[in-house]
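Residue-level structure breakdown
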Amino acid sequence: MLAALRRGAKLFVVDPRRTSSAQWAHGWLSPDVGSDVALANAVAREIIHAGLADGAFIDRATVGYAEFAASVEEWTLERAEAVTGVPAASIRELAHTYATAEHAQLCWTLGITEHHNGVDNVLSLINLALLCGHVGRYASGLNPLRGQNNVQGGGDMGAIPNRLPGFQDIEDDDARAAFDTAWGTEVPPTYGMHLSQMFDAMEHGDLRALYVMGENPAQSEADSTKAIALLQSLDHLVVQDVFFTKTAELADVVLPASASWCESEGTVTNSERRVQRVRKALDPPGQARDDVDILLDMASLLGHTWTYGRPGDRRSIAEGIWQELRSLSPLHAGMSYERIEALGGIQWPCPDEHTLEPSFLHGRLWHDDPAERGRPAPFSVVLNSPPVDALDDDFPLRLTTGRRLDSYNTGVQTGRFSSPRRRAETIDLFPADAEALGVLAGERVRIVSRRGAVEAPVRLDTGLRPGLAFMTFHFPDEVDVNVLTIDAVDPKSGTAEFKASAIRIERLPVPAAAV
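Residues numbered from 1 in each chain as written. Predicted model: local features only at pLDDT ≥ 70, side-chain atom pairs only at ≥ 80, totals over all residues. Heavy atoms only, no water.

1. Some remarks on the sheet that holds strand S12 (residues 274-278)
Backbone-to-backbone hydrogen bonds pair the strands of a sheet. The strands run either parallel or antiparallel. Here we have three strands laid out as an open sheet, ordered S11-S12-S13, and antiparallel in their pairing. Every interior strand has two partners, whereas the edge strands, strand S11 (266-269) and strand S13 (346-347), have only one. Taken together, the four bridges between S11 and S12 define a ladder with antiparallel strand orientation. Counterpart to Thr269 in the pairing with S12 is Val275. (Pairing = 2+ DSSP bridges. Helix = DSSP H or I, 4+ residues; strand = E, 2+ residues; numbered from the N terminus.)

2. Digging into the UniProt feature "domain: Molybdopterin oxidoreductase" (unreviewed entry) in the chain
UniProt's feature table lists "domain: Molybdopterin oxidoreductase" (unreviewed entry) at residues 4-299, given in the numbering used throughout. Overall, residues 4-299 shows 43% helix and 15% strand. The separation of its end C-alpha atoms is 49 Å. (UniProt positions renumbered as here; feature names shortened; annotations may be inferred.)

3. Some words on the pairing of strand S15 (residues 397-402)
With respect to burial, S15 is a largely interior element, six of its six residues being buried. The two faces of S15 match: Leu397, Leu399 and Thr401 on one face and Arg398, Thr400 and Gly402 on the other face are all buried. As paired elements, S15 and strand S20 (residues 501-507) share three bridges and run antiparallel to each other. Considered in S20, the bridge of Leu399 is made with Ser501. Looking at chain direction, S15 and strand S19 (residues 468-472) are connected through five bridges and run parallel. (Buried < 20%, exposed > 50% of the residue type's maximum accessible area, 1.4 Å probe, protein only.)

4. Observations concerning the environment of Thr462
Its place among the elements puts Thr462 in the loop between strand S18 (453-460) and S19. The exposure class of Thr462 is exposed, given its relative accessible area of 65%. Contacts of Thr462, omitting those with residues within four sequence positions, involve Phe430 and Pro431. (Contact = heavy atoms within 4.5 Å.)

5. Topic: the packing of aromatic side chains
Applying the stated criterion across every chain yields a total of seven aromatic pairs. When the ring of Phe68 is compared with that of Phe379, the centres are 5.0 Å apart and the planes differ by 20°; the resulting orientation is stacked. Remark: Phe379 occurs in the loop between strand S14 (377-378) and S15 and Phe68 occurs in helix H4 (residues 65-72); sequence separation between them is 311 residues. Assigned by exposure class, Phe68 and Phe379 land together as buried. On the basis of an interplanar angle of 65° and a centroid distance of 5.0 Å, the ring pair of Phe179 and Trp183 is categorised as edge-to-face. Of this pair, Phe179 and Trp183 are both found in helix H10 (residues 173-183), four residues apart, which corresponds to roughly one turn of the helix. Members of the aromatic cluster, joined through ring pairs, are Tyr65, Phe68 and Phe379. Sitting above the plane of the Trp348 ring, Arg273 keeps its charged end 5.4 Å from the centroid. Geometry around Phe417 places Arg422 over its ring, the cationic atom sitting 5.2 Å from the centre. (Phe/Tyr/Trp six-rings, centres within 6.5 Å; stacked < 30°, edge-to-face > 60°. Lys NZ or Arg CZ within 6 Å of the ring centre and 35° of its normal.)

6. Considering the side chain of Ser196
Mapped onto the secondary structure, Ser196 falls in helix H11 (residues 195-203). Those residues in contact with Ser196 that lie beyond four places of it in its chain are Val489, Gly494 and Thr495.

Okay, here's the thing in structure tokens:
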């Protein structure tokens, strides 16, 4: 992005906080937390009324435009300013710049998705891309930026409850039949549970055993007090991880795993869908074992012999697993290990070994032949829906959560080494809010939500807007911020509303010795 900016590109940052990215931006729009749909709908309406929509693309490549256009009609610039807090002139500038750009991309992260209506937030951005024809072309499109290595690859391999490897629908009989044949069993033809549904099933007694790999839900789930109680209520909990996490402390069985980036053979897929090779450099320490070995032994104990490659040859075993994937996933069929290594990585889709697809997706939408163009892209009618955890006199401040550059989510991977950029957890407040509360920078205060309370020192941040507070999840052993967050869940994605909790700040009593 910075390289593009140096070549003259314009960057607009939409974030309630003035993040470090905003310092490079042509424009910074600071909406109220939870008003993303309202802002996107207002941008859409302005594009339509200014005559900047790509009518030719809409007519030939999309469906549902009339209903969508009618649904955003109420979102005038003036109404959007009243609801989002973003000046009407800023919304107009963003709309016109995006619509008239030769190439434009919309990039987002968890600030869009970690809401009770996160899927609708994403759909509202897709609407904008379709409205302007900024999809299916080089240097234009929609780009959900992944927060950690291989998040994309996990989904590609089927680590989601409604998809087989290669994003094939579990309810697709033909796709499922191929896996039935390869695996010598019948894949259940129904969707599984996502994480939030699993916790709901624990609460109702329908899920009594859990196998956790590379995840720390005891500290990463919203309303962590409730999450820990549910994990403790299980009949059996197994944790397979590189680190002895808080979740591992609750487990009946802990399986020490390898650090896959340097102690395993295999592949990794990045945010741009590029599959790359990972090569083993070190042996796992102590009792730690390769995840593949653990799973193969688990299968054997359950009465199944899974054989891949040559015994004891790590590369051969990993390649054997990859060859099975290639035989079942059309997206990966053309990616042999040799070809991946020769090209330094390959983006999916790659259906055969003789060609490479364009680096962007959905180019079919521009094809002149309707048969080649295929199914049109749908507009979606999405409605503004404020945060579930409402502000009131008892909880007047909006807490939003996020990450800092030097740390990952609950600090499991990053908290064990020092960083010159790292500082302890704080409650970040706008200076005028701190003054109104009578608290000073560095003063330790109690932060209270409808679910619990934690203590942390105050840090003043002029990059916040009035009424907004900010904290991270990086130091849960010292300040468990997820005690505060709400487990209001998006019914479509299962993601909790980490980004919008209602809180109040309480001063702590002055110790007697300090009086």
